[in-house]
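A closer look at the structure
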Amino acid sequence: MAHVNQEALALLLGRRSHHRLGPPAPDDQQLRQIFAAALRVPDFGHLRPYRFLVARGSGLDRLGAAMQRAAIAAGKGEEVIARAARMPLRAPLVIVAVASPKADAVVPQFDQQLCAGATVLTMQLAARALGYSGIWRSGWLMYDPGFQRELGLAAEESLVGLLYLGTPDESDQAAPPTVDPSPLLTWL
Ligand SMILES: Cc1cc2nc3c(=O)[nH]c(=O)nc-3n(C[C@H](O)[C@H](O)[C@H](O)COP(=O)(O)O)c2cc1C
């Protein structure tokens, strides 16, 4: 009979995000585990169609400065420009996940982008398994060509998410409700 891994199930069923994240963040060894988990996502053709930009400490300030320059270049208002510099400071660690599709005769670009997206969820789950939490964010910057240039993305690359990681506020620990999936299911 199949072995039921209750802890793994609880991790999946209890997955939730946290907006307010403080220190500590995963340390270097834990980060290696988080990336090792990311590199185990399903990957058609084993193309590794993704890469990651990682920011903590002064890197968060550099990421915020890049966001601010992009906001200025995009002609955003004063409030958005001011907020942009502070955005990465909402967590002690930010991982920017980049879809980096490879030219391939068999594997469609969309498959490769999905593969890159899967790394974000996997890293969030791995971080939770290690006792941390996080939130997957996007926002207008993700689709902004100026911000993509700031981050050094190549023409074929795109951003699939900014994963903010850290330790949630103690008061913000409620388990997510269980939702009935049946309205979303069609049996063929
Ligand atoms: C591609 C993607 C982009 C997202 N962008 C944002 C975002 O910019 N801001 C935000 O508050 N939530 C964003 N979310 C949703 C959060 O990650 C999170 O799922 C949501 O706050 C619900 O919380 P839960 O994960 O605990 O159910 C995004 C989710 C995905 C998959």
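Here the structure is a predicted model, which means the values were calculated and not measured. (Residues numbered from 1 in each chain as written. Predicted model: local features only at pLDDT ≥ 70, side-chain atom pairs only at ≥ 80, totals over all residues. Heavy atoms only, no water.)

Here we look at the overall build of the protein chain
Threshold: Secondary structure follows DSSP: runs of H or I at least 4 residues long count as helices, runs of E at least 2 residues long count as strands, and numbering of each begins at the N terminus. Here the globule rule reads 2.2 Å times residues to the power 0.38, and the radius of gyration is calculated from C-alpha atoms. Here the term buried applies to any residue with accessible area under 20% of the maximum for its type, exposed to any over 50%, and partly exposed to those in between, with areas from a 1.4 Å probe on protein chains only. Contacts between residues were defined by any pair of non-hydrogen atoms, one from each residue, lying within 4.5 Å. Residue exposure ignores everything except the shown protein chains as possible cover, and the areas themselves are Shrake-Rupley values with a 1.4 Å probe. For the purpose of charge, His is not counted, nor are the chain termini; Lys and Arg are scored as positive and Asp and Glu as negative. Charge positions come from single atoms, namely NZ of Lys, CZ of Arg, CG of Asp or CD of Glu.
In terms of regular secondary structure, the protein chain is built from 6 helices and 5 strands. Each helix and strand of the protein chain, ordered N terminal to C terminal, gives the series α-β-α-β-α-α-β-α-β-α-β. For 188 residues, the compact-globule estimate of 2.2 N^0.38 gives 16 Å, and the protein chain sits close to it at 18 Å. With respect to the principal axes defined by its C-alpha atoms, the protein chain has extents near 60 × 50 × 40 Å. For the protein chain, with 188 residues in total, the buried portion stands at 41%. Of the contacts made within the protein chain by residues no fewer than 6 positions apart, 82% connect residues no fewer than 24 positions apart. Carbon and sulfur atoms make up 59% of the accessible area of the protein chain, which amounts to about 11000 Å² in all. In the protein chain, 18 side chains carry a positive charge and 17 a negative one; their mean positions are 3 Å apart.

As for the site of the ligand
Using the following cut-off: Only heavy atoms are used to decide nearness, and a residue is near a molecule or strand if one of them lies within 4 Å of it. Within 3.5 Å is the distance limit for a polar contact, defined as a pair of N or O atoms, with the added protein rule that one can donate a hydrogen and the other accept it, and that residues adjacent in sequence qualify only through two side-chain atoms. Residue type decides the class: Asp, Glu, Lys and Arg count as charged, Ala, Val, Leu, Ile, Met, Phe, Trp, Tyr, Cys and Pro as nonpolar, and the leftover types, Gly among them, as polar.
Taken together, the neighbourhood of the ligand is formed by R15, R16, S17, H19, I135, W136, R137, S138 and G139. Within the side chain of R15, one N or O atom sits 2.8 Å away from an oxygen atom of the ligand. At a separation of 2.7 Å, an oxygen atom of the ligand approaches a polar backbone atom of W136. The protein chains hide 53% of the 610 Å² of surface that the ligand would expose on its own. Looking at the shell around the ligand, its residues break down into 2 nonpolar, 4 polar and 3 charged.

Things to note about helix α2 (residues 28-38)
Side chains three or four residues apart in an α-helix point the same way, a direct result of the helix having 3.6 residues per turn. Worth spelling out the cut-off: Read the arc as the range of directions from the helix axis to the C-beta atoms.
Listing the buried residues of α2 in full gives Q30, L31, I34, F35 and A38. Along the axis of α2, the buried positions cluster into a sector of 140°, meaning they face one direction only. Buried residues along α2 sit in contact with β2 (50-56), β3 (93-99), α5 (109-129) and β5 (158-168). The residue sitting at the N-terminus of α2 and contributing the capping side-chain oxygen is D27; that oxygen lies 3.2 Å from the backbone nitrogen of Q29.

Examining the packing of helix α3 (residues 58-73) against helix α4 (residues 78-86)
Applied cut-off: Angles shown run from 0 to 180 degrees and are taken between the N-to-C directions of axes, each axis being a line fitted to C-alpha atoms and, for helices, limited to the stretch in contact. Should an angle fall under 35 degrees it is taken as roughly parallel, and over 145 as roughly antiparallel, whereas 65 to 115 is taken as roughly perpendicular and any remaining angle as oblique. Helix crossings are classified by the rotation of the near helix relative to the far one: an anticlockwise turn of less than a right angle makes the crossing left-handed, while a clockwise turn makes it right-handed.
Viewed as axis vectors pointing N to C, α3 and α4 meet at an angle of 160°, and their least axial separation amounts to 6 Å. In terms of orientation, α3 and α4 fall into the roughly antiparallel class. For the crossing formed where α3 meets α4, the hand is right-handed. Residue-level contacts link G64, M67, Q68, A71 and I72 of α3 to I81, A82, A84 and A85 of α4. Looking at the contact of α3 with α4 residue by residue, the classes come out as 7 nonpolar, 2 polar and no charged.

Notes on the pattern of salt bridges
To be explicit about the condition: Definition used for salt bridges: Asp or Glu carboxyl oxygen within 4 Å of a side-chain nitrogen of Lys or Arg.
A full pass over the atoms with the stated rule returns 5 salt bridges. The residue D169 makes a salt bridge to R20 at a minimum N-O spacing of 3.6 Å. Placement of D169 in the segment after β5 and of R20 in the loop between α1 (6-13) and β1 (21-22) is noted, with a sequence separation of 149 residues between them. Accessibility expressed as a relative area gives 51% for R20, which makes it exposed. One salt bridge in this structure joins E79 and R83, with 3.5 Å as the shortest N-O distance.

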